[in-house]
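# Observations on the model geometry
Here are the chains, one letter per residue:
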Amino acid sequence: MMASALPDTARDERVARRTSAGARAVLRQAEDRLLALTLLVMVVLPVTEVVLRSLWSLGIPSLSVIVQHLVLVAGMLGAAVAARQDRFIALAAANTLGGRLGERWPRLLSYGIAAVVSTFLAVAAWRLLAVEYAAGTTLGLGLPAWVLLAPLPLGYALIAWRLAGHAAARQGDRLALLAVLVAAVLGIGSLPFDTPGATMLGLGAVLLATVLGAPVFVAIGGAALLLFWGEDLPIAAIAIDHYRLATNPTLPAIPLFTVAGYLLTEGRAPERLVRVFGALFGWMRGGPAVVAVGACTFLTCFTGASGVTIIALGGLLLPLFANAGYGRRSTLGLVTGAGSAGVLLPPSLPLILYAVVAQVSIEQMFLAAVGPALLMASLTALWGIRLAPRRRSRPPFDRREALAAIAAARWELLAPVLGLGALLSGLATPVEAAALTTLYVLIVQTAIRREMNLAGDVPRVLAECGLMVGGILLVLGVAQGLTNFLVDAEIPERAVSWAVEIIDSPWTFLALLNLALLAAGCLVDIYSAIVILVPLIVPIGLALGVDPLHLGLVFLANLELGYLTPPVGLNLFYASYRFERPLGEVCRAVMPLFLVLCAGVLLITFVPALSTTLPAQLR
C-alpha cells in the first residue's frame, strides 16, 4: 500500500506545482496587460482633450486629475513588475562586488534590507491612506481621495514581498526574513533612531545594502525614513511627497515620451534612421561617426537613456565603422559615447524633469538646450572624423539615395516635429504634446509600417516601457521625500549662506559644481540626482546671479558625462554587456572621447550665451 501511494503522491505534487506555475503565469500576464492598458489610456485621454478643444471648444471633466493618478498607477505597477523581474536601477558596480563576496549572504543582506525599507514605505503610505479615508475628501469625478491613493501602499507592499522573495532562495532564510519583517512592522513605534549614533548606524546599513546590490530607491528611501525617525517626524510625510510628485500636472510627459521612445526602437525604425544619416553623411571622411552621432542622438532624445540607445543601435553601427576602416578601440569608444548629446536635445526627459523641479518653463528649457546639444553632438562627430582613416575610398554622395532614405524614414523623422510643433505653437500643453507624439508613433508602427502587432507586440513593449518608468518614478518619489526633509531642515538656505560667504564669483561656483556633478553622475542616476540636488543648487545659483536655464544645462551635461566616467560610469557597463568586451577595454576606448566631451561641458559652463541666447530672443 505504501509503495503504490508514493507515486500517486509524487504525481499529485507535480500536478500541484504545474497548476501553481500556471496560475502565476496568468497573474503575471494580467499584471503586464494592466500596466500596458494604463499607459495606453494615458496616451488616448490627452489627445482626445486636444481634439475636443480644437474642434468643438469642449473638454473632459477632471481630465488632468485622472491622468495624474494614472501616472501613480503606472508607476507603482511598473515598479512592482521591476521587483518581480529583479530589474530595478542599482549601482553599476554592485553586482561585481557582490559576486566576489559570494552569492547567498550578500544577496540576503542587500535584498533583506531592501524588503525592510520597502515594508516601512508601505506602512508610511498606509498611514496616509488611513488619514485620507477618515477625512472623506473627494477628488475628480467625485471619487474618494483614498481610492486614488490606494496604489501607493499596495504597490510598496507588493514590492516588499517580491524583494523578500529575491533575497532568499532557501526556505529557512525566507522564514527568518519574514520574521524580521513582521518584527519590524510590529516594533515600528519603538525604533531607537532618535539618537545620532543609531541614525548613522542605520544609514551605514542602508549604504552597505546598496553597495552589495540593493536598488537605488532603497538607499534614498531608507535615508529618508531614518532622518524622519531621527527628528521624530511622521514617516507618512514621505508618502505625501511621493504622492505629490507622482500627481504633478507636468510629470505625465515623462512616461509618455518614454513610451514614444520605446515604440521607436521596435521594428526597423533604427535601421531607417541609420540609413538616413548614412545617405546624408556617409560619403564624407568620418561619415560613420556622424551617422552614429545623428542616429544615437535622435533616439536618446526620446528614450531619455543613452544606455538604451547603445543596446538598440550598437549592432547596426559596428559594421559601418568596420567597413570604413576604423580600429576596434575607436569604434568601441565612439559607439559608447555617440548618444550623450541626446539627453540635452528636446524632448529629452531629463530636460522636462529639471524644468519641473526647478520651476522654469519647459518651452524655455527646450530652447536653452538646443545650443549645448548641438555643441556636444558636433564635438563627438568631429572627434570621430579625426579618427577616420585618411586614405580609404568612400562612396560619393548619392542624391537619389539620400532622398529615398529620407522618404523611407519620413514617418519617424516627423515625430519630433509634431510634438515640438504642437508645444511651441501653443496648440498643446507639454503633456498633450507628449501624448500626441506617442499616439502618432503608435499609429506609424502598427497601422502604417505594420511592424508591430497591436494585440501582441504593443502590450509587450508597453509593459517593458512601464517597467523602466516604474523604476524611475519610484526613485523620484522617495527622492522627493528626502529633498523635502532637507528643505524643511533649511539645508538650501544654509547652503546659500555658506556659498555666498565662501565663493566670491559665479565662475568659481560653476567650476566647483562641475567637479561635484561629475562625481555624482558616476554614482547616482540622472533622475534622482535632479530631484535631490536641484532644490539645493538652484537657490545658490540664483544668489550668485546664474541663470536657472544655464545652470540646468550645466547640471545635465555633467551628469550625462558622469555616465562615461571610468571606471564606474553606467554606460561603460552597458557597452561592456552589449559588445561583450571587458570593462577595462571599454574604459580605455572611451577615455579620449570623454576628454573631448569634458571640453564641451566646460564651454557650456563658461559660455552662458550657448544656453541663454535663444530663449532670450524668443521670449
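Residues numbered from 1 in each chain as written. Predicted model: local features only at pLDDT ≥ 70, side-chain atom pairs only at ≥ 80, totals over all residues. Heavy atoms only, no water.

### Thoughts on the overall build of the protein chain
What the protein chain contains, in helices and strands, is 28 helices and zero strands. Once local pairs closer than 6 in sequence are excluded, the contacts in the protein chain between residues at least 24 apart make up 81%. Carbon and sulfur atoms provide 66% of the accessible area of the protein chain, an area that totals close to 26600 Å². (Helix = DSSP H or I, 4+ residues; strand = E, 2+ residues; numbered from the N terminus. Contact = heavy atoms within 4.5 Å. Areas by Shrake-Rupley, 256 points an atom, 1.4 Å probe, with all protein chains shown as cover.)

### Some details on the packing of aromatic side chains
All told, the structure shown has nine aromatic pairs when counted by the stated rule. When the ring of Phe 228 is compared with that of Phe 485, the centres are 5.4 Å apart and the planes differ by 50 degrees; the resulting orientation is tilted. Here Phe 228, found in helix 9 (residues 216-230), pairs with Phe 485, found in helix 21 (residues 457-488); they are 257 residues apart in sequence, far enough to count as distant. In this pair, the class of Phe 228 matches that of Phe 485, namely buried. Relative to Tyr 326, the ring of Phe 321 lies with its centre 5.0 Å away and its plane at 85 degrees, an arrangement referred to as edge-to-face. A residue is classified by how much of its surface remains accessible, and Phe 321, at 0% relative accessible area, is buried. (Phe/Tyr/Trp six-rings, centres within 6.5 Å; stacked < 30°, edge-to-face > 60°. Buried < 20%, exposed > 50% of the residue type's maximum accessible area, 1.4 Å probe, protein only.)

### Points about the pattern of salt bridges
Counted according to the given criterion, the structure contains 14 salt bridges. In this structure, Glu 401 and Arg 275 form a salt bridge, with 2.9 Å as the shortest nitrogen-oxygen distance. Taken together, the residues span a long stretch of sequence, with Glu 401 in helix 18 (residues 399-408) and Arg 275 in helix 12 (residues 269-281) at a distance of 126 residues. Look at Arg 275 and you get partly exposed, because its relative accessible area is 34%. A salt bridge links Arg 581 to Glu 585; the nearest nitrogen and oxygen atoms lie 3.0 Å apart. Beyond isolated ion pairs, a larger network of salt bridges with shared partners links Glu 31, Asp 32, Arg 84 and Arg 162. (Salt bridge = Lys/Arg side-chain N within 4 Å of Asp/Glu carboxyl O.)

### Some thoughts on the environment of Leu 414
Within the fold, Leu 414 resides in helix 19 (residues 410-424). Classification of Leu 414 as partly exposed rests on a relative accessible area of 42%.

### Remarks on the environment of Val 458
Relative to the elements of secondary structure, Val 458 occurs in helix 21. Sequence separation between Val 458 and Ala 36 is 422 residues; the distance between their C-alpha atoms is 8.0 Å. Contact partners of Val 458, with chain neighbours within four places excluded, come to Leu 442, Thr 446, Met 452 and Asn 453.

### Observations concerning the packing of helix 24 (residues 526-543) against helix 25 (residues 548-562)
The interhelical angle for the contact between helix 24 and helix 25, taken along N-to-C directions, is 140 degrees, at an axis separation of 11 Å. Judged by the twist between their axes, the crossing of helix 24 over helix 25 is right-handed. Every residue of helix 25 that contacts helix 24 at Ile 526, Ala 529, Ile 530, Leu 533, Val 534, Ile 537, Val 538, Gly 541 and Leu 542 is listed here: Pro 548, Leu 551, Phe 555, Leu 556 and Leu 559. Residue composition of the contact of helix 24 with helix 25, by class: 13 nonpolar, one polar and no charged. (Axes fitted to C-alpha atoms, helices over the stretch in contact; angles between N-to-C directions. Left-handed = near helix turned anticlockwise from the far one by under 90°. Nonpolar A, V, L, I, M, F, W, Y, C, P; charged D, E, K, R; others polar.)

### Section: the nonpolar core
Across soluble globular proteins, you tend to see nonpolar side chains buried next to one another. Judged by nonpolar contacts, the single largest core of 200 residues is most densely connected at Phe 217 and Phe 509. The leading source of residues in this core is helix 21, at 17 residues. Among the nonpolar cores identified, the runner-up in size contains five residues, and Val 276, Ala 279, Ala 402 and Ala 405 belong to it. (Core = buried A, V, L, I, M, F, W, Y, C linked by side-chain atoms within 4.5 Å.)

### Here's the deal with unusual backbone geometry
Trans is the prevailing form of peptide bonds, just as negative phi is the prevailing case for residues other than glycine. The omega torsion of the bond from Pro 346 to Pro 347 falls at 5 degrees, within 30 degrees of zero and hence cis. Looking at the element boundaries, Pro 347 is found in the loop between helix 15 (328-337) and helix 16 (349-358). Phi is positive for Asp 86, which is not a glycine, with a value near 55 degrees. By secondary structure assignment, the location of Asp 86 is in the loop between helix 2 (63-85) and helix 3 (94-101). With a relative accessible area of 27%, Asp 86 lands in the partly exposed category. A positive phi is found at Asp 232, a non-glycine position, where the angle reads about 55 degrees. Considering the arrangement of structural elements, one finds Asp 232 in the loop between helix 9 and helix 10 (236-246).

### Examining helix 26 (residues 570-579)
Taken together, the buried positions of helix 26 are Asn 571, Leu 572, Ala 575, Ser 576 and Phe 579. Projected down its long axis, helix 26 carries its buried residues within an arc of 145 degrees, all on one side. Looking at the residues trailing helix 26, positive phi occurs at Glu 580, about 55 degrees. (Arc of directions from axis to C-beta.)

### Structural notes on a nonpolar patch on the surface
Taken together, Trp 507, Leu 602, Leu 603, Phe 606, Val 607 and Leu 610 make up a surface patch of nonpolar side chains, about 480 Å² in accessible area. It is helix 27 (residues 583-606) that contributes the most residues to the nonpolar patch, three residues altogether. Positionally, Leu 603 belongs in helix 27. (Patch = residues over 30% accessible without salt bridge, like charges linked within 9 Å, V, L, I, M, F, W, Y side chains within 5 Å.)

### Looking at the confidence of the model for the protein chain
On average, residues of the protein chain score 83 in pLDDT, and 88% of them reach the 70 mark or higher. Below pLDDT 50 for its whole length, residues 92-102 participates in 14 contacts with residues either more than four positions away or in separate chains. (pLDDT = per-residue confidence, 0-100.)

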